Every structure is written in structure tokens, then in C-alpha cells.
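# Descriptive structure summary
Okay, here's what each chain looks like letter by letter:
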Amino acid sequence: MDNLKLVAVDIDGTFVDHNNHYDLAEFRRLFNLMQERGIEFVVASGNQYPHLARLFPEDLRDRLNFVAENGALTLAHGQEVFCGGLSWATLTRAVAAVKAIPGANYIVSTPEAGYFPVDSDDFFKKESEHYCASLAEFTDLAEIKDKQILKLTARVEPAEVPLIEAAFKDWPDLHVTSSGFGYLDMINPKLHKAFGLQILGEHYRIAPDQMVVFGDSANDQEMFKLAGRAYAMANAEQILLDLTAYRAPSNEENGVLQVLSQLLT
């Protein structure tokens, strides 16, 4: 791809394996090649920024770009270029709806931390540590009313995901999308990973057809539709496999790095 100027990767199920690991030495080699050619590298994920940043060595973090919280927070080389999210009214309605789902847990994302109810299930609290670098509890949702709300994430039984997505389908002020493993990201319908890539595209003067993206879950579909080329991981959900003919080996095989090596060398 001769006009490549931006590479965007999802994290869970795409760039890292099930232990949050990737081949750092190979990434450094490829990242240096991208730097030499003026290609921007973007981490595009539903996870919070502090968690995403800690996956990379300190000397690289301010040279990377991040589209965090499914587009609610975008940073370019360490500088915030966009921050948006849900209104308080939308959040309270959505939380009430989630609480009505048997066995559901939820976490509210802000730029500072992920907040969950003090009475959340213990397994959910422990699992959240995998996705959030900064966590806090509340006894009353009103305790975080003055904070910038980026998104709401619900954790449900994986088999229930399609039914819950359908139940929220007609909400005009909320978009619900699966991020895999029984997690549902509930976000401002105007915000998604493609929105963050458009922000960065304007920032760096990069057109969508100069972008290559990698993903595995439903919350990657907007950026698949935006980019000039999209690679679905071998382990990707069917909704992404249907959007592109390009494939990458699975996240357990450093599939993103394998394809990038082919594209760059």
C-alpha cells in the first residue's frame, strides 16, 4: 500500500494476546520504520486511556496516538485533541436500564478513572482490573455527577448480548455495541473509533484512504468502513469478516505485527 500514512489497531483480541502481551522487540522495529516514513500509529480501543498507555514503554507513549473509550477521548502524541461523551440524563436512564438486567454489572468511564458501584460482583471488580488502570467505587451514582462522563460499559452473559443490543436499538441518544467477552459499550451515537480517526486525520492531514486498520469486534466496524484497507483478525466476529476480504493471523500469533511487517518491508 504505497500511500499508507496511518495504522490503527484495536487492542483486546487484536493487538495483544490473552495475557495482554505482544512482541515488543518486533513492534519497536516496525514502529521505527513507520516513523522514518511518516506513518502515524494509533491505538483505537474501548478501554480507558491510562490502561492503554501502560501497555507501551514510557519512551514510546508520547509518540503514539490514542483513540480511547471508543472515540470519546482522542490524544495525538500526548496531547488531548478531543474529549466528549454522555449527558448526565442519558447516563442515569441507561444505568437504570442496565440495573434491570439480571446479573448485569456496569462501570462508568471518566478521564480520571472507571467508577463502579460498591456492591458490584467480586468477579467483575477483579475482571475490571484487566481493562482499567484506574478504578474507584461509589455508593450513589450522584457522587460522580460533576465529572465528564465518557461512556457506560455493561458486563452481561455473552449469550445475552444480541438481545440487549436490540433492546437499546431505538435510543436516539445512546449507541450500544459489543466489545467482546460479554461487554457492551454504551456511548454517544456520534462518537466511535472512526470519529477519533477522523479527528486525527484532520490533525495530521491524512485522508481515510491512507489508513489501514485492524480489529476483531463489532465496535471496530465504523473504522472498517472508514479506512482505505481493513484487516479482520482470524478470530474476528462475523460482522467484521463480512466487511472486508483482508485477513490477519490471530491475536495469539502477533497477527497485526505479521501483516505490518509485510506492508512495511
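Residues numbered from 1 in each chain as written. Predicted model: local features only at pLDDT ≥ 70, side-chain atom pairs only at ≥ 80, totals over all residues. Heavy atoms only, no water.

## Topic: empty space enclosed by the protein
Tallied over the full model, the rule gives one cavity of 30 Å³ or more. If you trace the largest cavity, you find 23 residues lining it, with Gly46, Asn47, Tyr131, Lys151 and Ser179 closest to the centre. For the lining of the largest cavity, the secondary-structure elements that each account for two or more residues are β6 (105-109), α5 (122-131), β9 (151-155), β10 (175-180) and β11 (183-187). The biggest single contributor to the lining of the largest cavity is α5, with three residues. The residue makeup of the lining of the largest cavity, split by class, is six nonpolar, 11 polar and six charged. (1 Å grid on protein atoms, 1.4 Å probe; cavity = no way out; pocket = protein on both sides within 12 Å on 5 of 7 lines; lining within 4 Å. Points joined across faces, edges and corners; volume = space filled by probe spheres on them. Helix = DSSP H or I, 4+ residues; strand = E, 2+ residues; numbered from the N terminus. Nonpolar A, V, L, I, M, F, W, Y, C, P; charged D, E, K, R; others polar.)

## Digging into the pairing of β11
In terms of burial, β11 is a largely internal element, five of the five residues being buried. Taking every second residue as pointing to the same face, both faces of β11 are buried, with Tyr183, Asp185 and Ile187 on one and Leu184 and Met186 on the other. Two strands pair when backbone bridges link them, and β9 and β11 are joined in this way by four bridges, in the antiparallel orientation. Bridge pairing in β11 places threonine 153 opposite aspartate 185. Taken together, the five bridges between β10 and β11 define a ladder with antiparallel strand orientation. In the sheet register, serine 178 faces β11, and the bridge partner there is leucine 184. Counted between consecutive antiparallel strands, the loop separating β10 from β11 contains two residues, among which phenylalanine 181 sits at a positive phi close to 60 degrees. (Buried < 20%, exposed > 50% of the residue type's maximum accessible area, 1.4 Å probe, protein only. Pairing = 2+ DSSP bridges.)

## A look at the side chain of glutamine 221
Here glutamine 221 lies in helix α8 (residues 221-226). Here glutamine 221 falls in the buried class, since its relative accessible area comes to 16%. Non-local contacts of glutamine 221, meaning those with residues more than four positions away in its chain, are made with Ile239, Leu240 and Leu243. (Contact = heavy atoms within 4.5 Å.)

## Quick notes on the nonpolar core
Residues Val7, Phe15, Phe27, Phe41, Phe56, Phe214 and Leu260 are the most contacted members of the largest nonpolar core, which totals 40 residues. Top contributing element to this core by residue count: helix α10 (residues 255-264), with six residues. The next biggest cluster of nonpolar side chains, apart from the first, holds 25 residues, and it includes Ile101, Ile164, Val176 and Met186. (Core = buried A, V, L, I, M, F, W, Y, C linked by side-chain atoms within 4.5 Å.)

## Concerning the side chain of glutamate 40
By the secondary structure assignment, glutamate 40 is in strand β2 (residues 40-44). At 2.8 Å, the side chain of glutamate 40 forms a polar contact with the side chain of asparagine 65. Residue contacts for glutamate 40: discarding those within four places in its chain leaves Lys5, Leu6, Val7, Asn65, His77, Tyr204 and Ile206. (Polar contact = N/O pair within 3.5 Å; in protein donor to acceptor, adjacent residues only side chain to side chain.)

## Some details on the sheet that holds strand β7 (residues 114-117)
Taken in spatial order, the six strands of this open sheet run β8-β7-β6-β9-β11-β10, and their pairing is mixed. With one partner strand each, in any of the chains shown, β8 (135-138) and β10 form the two edges of the open sheet. Strand after strand, the sheet turns through a mean of 30 degrees between neighbouring axes, direction not considered. When β7 meets β8, the two strands line up parallel, connected through four bridges. Note on β8: the bridge partner recorded for phenylalanine 116 is glutamate 137. The strands touched by α5 within the sheet are β6, β7, β8, β9 and β11, with β6 carrying the most contacts at an inclination of about 40 degrees. (Axes fitted to C-alpha atoms, helices over the stretch in contact; angles between N-to-C directions.)

## Re unusual backbone geometry
Look at asparagine 20: it is not a glycine, yet its phi comes out positive at around 65 degrees. Looking at where asparagine 20 falls in the secondary structure, it is placed in the loop between β1 (6-9) and α1 (24-36). Positive phi outside glycine occurs at asparagine 254, with the angle close to 55 degrees. In this structure, asparagine 254 sits in the loop between β14 (246-248) and α10.

## Overview of the packing of aromatic side chains
Inspection of the entire model under this criterion finds 16 aromatic pairs. A ring pair is formed by phenylalanine 27 and phenylalanine 56, whose centres lie 5.7 Å apart and whose planes are at 55 degrees; its orientation type is tilted. Here phenylalanine 27 is found in helix α1, whereas its partner phenylalanine 56 is found in the loop between α2 (49-53) and α3 (58-61), with 29 residues between them in sequence. For the pair phenylalanine 27 and phenylalanine 56, one class covers both residues: buried. For the pair tyrosine 231 and tyrosine 246, a centre-to-centre distance of 5.2 Å together with 50 degrees between the ring planes defines the contact as tilted. Within this pair, whereas tyrosine 231 is found in strand β13 (residues 229-233), its partner tyrosine 246 is found in strand β14, the two being separated by 15 residues in sequence. Tyrosine 246 sits in the partly exposed class, given a relative accessible area of 36%. Here a set of aromatic residues connected by ring pairs shows up, and it is made of Phe15, Tyr22, Phe27, Phe31, Phe41, Tyr49, Phe56 and Phe66. (Phe/Tyr/Trp six-rings, centres within 6.5 Å; stacked < 30°, edge-to-face > 60°.)

Function cannot be read off these values alone, since they describe shape.
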